[in-house]
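A structural walkthrough
Listed below, chain by chain, are the residues.
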Amino acid sequence: MPPISHGFHGRRTDAGERDRVPPGQYVTHDFPVLSAGPTPHTPLESWTFQIRGEIDQPKSWTWEELTALPSDRVTVDIHCVTKWTKLDTVWRGVSLDTLLDGVDTSAEYVLAFSDGGYTTNLPLADIRDGKAWVAYEFGEEPLEPEHGGPARLLVPHLYFWKSAKWVRGIELRANDEPGFWEMYGYNNYGDPWKEQRYAGD
Ligand SMILES: Nc1nc2c(c(=O)[nH]1)N[C@H]1C(S)=C(S)[C@@H](COP(=O)(O)O)O[C@H]1N2
Ligand SMILES: [Mo]
């Protein structure tokens, strides 16, 4: 019998992993739930995803239409402003590039909106070019309601509050308008690598 068990030290964070953890963050293997209100339960029959605002013809997809679009399987690291980072999370969703394909707009900002009234604002450029998805699967399973199911925004390069759960669409805007947490003093942009947690960071 070896005198030392190697089983009780948790998973070691190797150097490669450490490089993927932004400043002030720690790695968790759980998936904490952070919701500012109750979990909405919109029936899929009445669910739509909309693009509205600065667009000639608003666009809308039913659940069936959205999930019939080409989707991506993405493996990404996610970073919550409350300091947890979760590495290698696996999602499936429709790229915003697919949804914005052919959309002609002068807008430079978007306000994502969700069932329950949550909103979050982002530059339009931050949801283009393979940076954002409307995600409906997590870990090969339908996305659980607590984590934003049936679908949530996934914008992994920004703090996770930008990844609106229960997302129902985006509003294309000429001017930037703070969303829910941004109004309560969170940073307007939220780059985890620059530790942009709160206004003024
Ligand atoms: N609609 C909605 N989306 C939301 C939130 C929320 O309260 N409501 N919380 C945000 C915050 S602060 C974080 S960290 C993540 C948490 O996602 P999770 O509960 O799946 O971990 O969702 C973000 N999206
Ligand atoms: Mo968060």
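Residues numbered from 1 in each chain as written. Chains lettered and ligands numbered in written order. Predicted model: local features only at pLDDT ≥ 70, side-chain atom pairs only at ≥ 80, totals over all residues. Heavy atoms only, no water.

A word on the pattern of salt bridges
What counts, and what does not: Counted as salt bridges are all cases of a side-chain nitrogen of Lys or Arg within 4 Å of a carboxyl oxygen of Asp or Glu. Under the DSSP-based scheme used, a helix requires at least four consecutive residues in state H or I and a strand at least two consecutive residues in state E, with every element numbered from the N terminus. Whether a residue is buried, partly exposed or exposed follows from its accessible area with a 1.4 Å probe, protein chains only, as a fraction of its type maximum: under 20%, in between, or over 50%, in that order.
In total, this model carries 10 salt bridges according to the counting rule given. Between glutamate 140 and arginine 73 there is a salt bridge, and its shortest N-O distance comes to 2.5 Å. Taken together, the residues glutamate 140 in the loop between β8 (133-138) and β9 (141-142) and arginine 73 in strand β4 (residues 72-79) connect sequence positions 67 residues apart. Classification of glutamate 140 as exposed rests on a relative accessible area of 52%. The salt bridge partner of glutamate 177 is arginine 173, with a shortest N-O separation of 3.0 Å.

Description of the sheet that holds strand β11 (residues 167-173)
Selection rule: Paired strands are those between which DSSP finds at least two bridges. The convention used is that axes are lines fitted to C-alpha atoms, helices contributing only their stretch in contact, and that angles between N-to-C directions extend from 0 to 180 degrees.
The strand order across the open sheet formed by five strands is β3-β2-β11-β6-β7, and the pairing between neighbours is mixed. Here the strands that pair on one side only, and so sit at the sheet edges, are β3 (59-62) and β7 (119-123). Across the sheet, the axes of successive neighbouring strands diverge by a mean angle of 15°, strand direction being ignored.

Focus on the site of ligand 1
Put simply, the test is: Being near a molecule or strand, for a residue, means having at least one of its heavy atoms within 4 Å of it. Counting of polar contacts relies on pairs of N or O atoms within 3.5 Å, with two restrictions inside protein: one atom must be capable of donating a hydrogen and the other of accepting it, and residues adjacent in sequence are counted only when both atoms are side-chain atoms. The Shrake-Rupley method, run with a 1.4 Å probe sphere, supplies the accessible areas, and residue values consider only the shown protein chains as cover.
Around ligand 1 there are 20 residues in total, and Pro32, Ala36, His147, Arg152 and Lys165 lie nearest to it. Note that a nitrogen atom of ligand 1 is positioned 3.2 Å from one of the backbone N or O atoms of serine 163. In this structure, an oxygen atom belonging to ligand 1 sits 2.6 Å away from a side-chain N or O atom of lysine 165. For ligand 1, whose free accessible area comes to 530 Å², the fraction covered by protein is 98%.

Side note on the pairing of strand β2 (residues 48-53)
When β2 meets β3, the two strands line up antiparallel, connected through four bridges. Note that in β3 the partner of phenylalanine 49 across the bridge is tryptophan 61. Hairpin connection between β2 and β3: a loop of five residues separates the two successive antiparallel strands. Two strands pair when backbone bridges link them, and β2 and β11 are joined in this way by four bridges, in the parallel orientation. Counterpart to glutamine 50 in the pairing with β11 is glycine 169.

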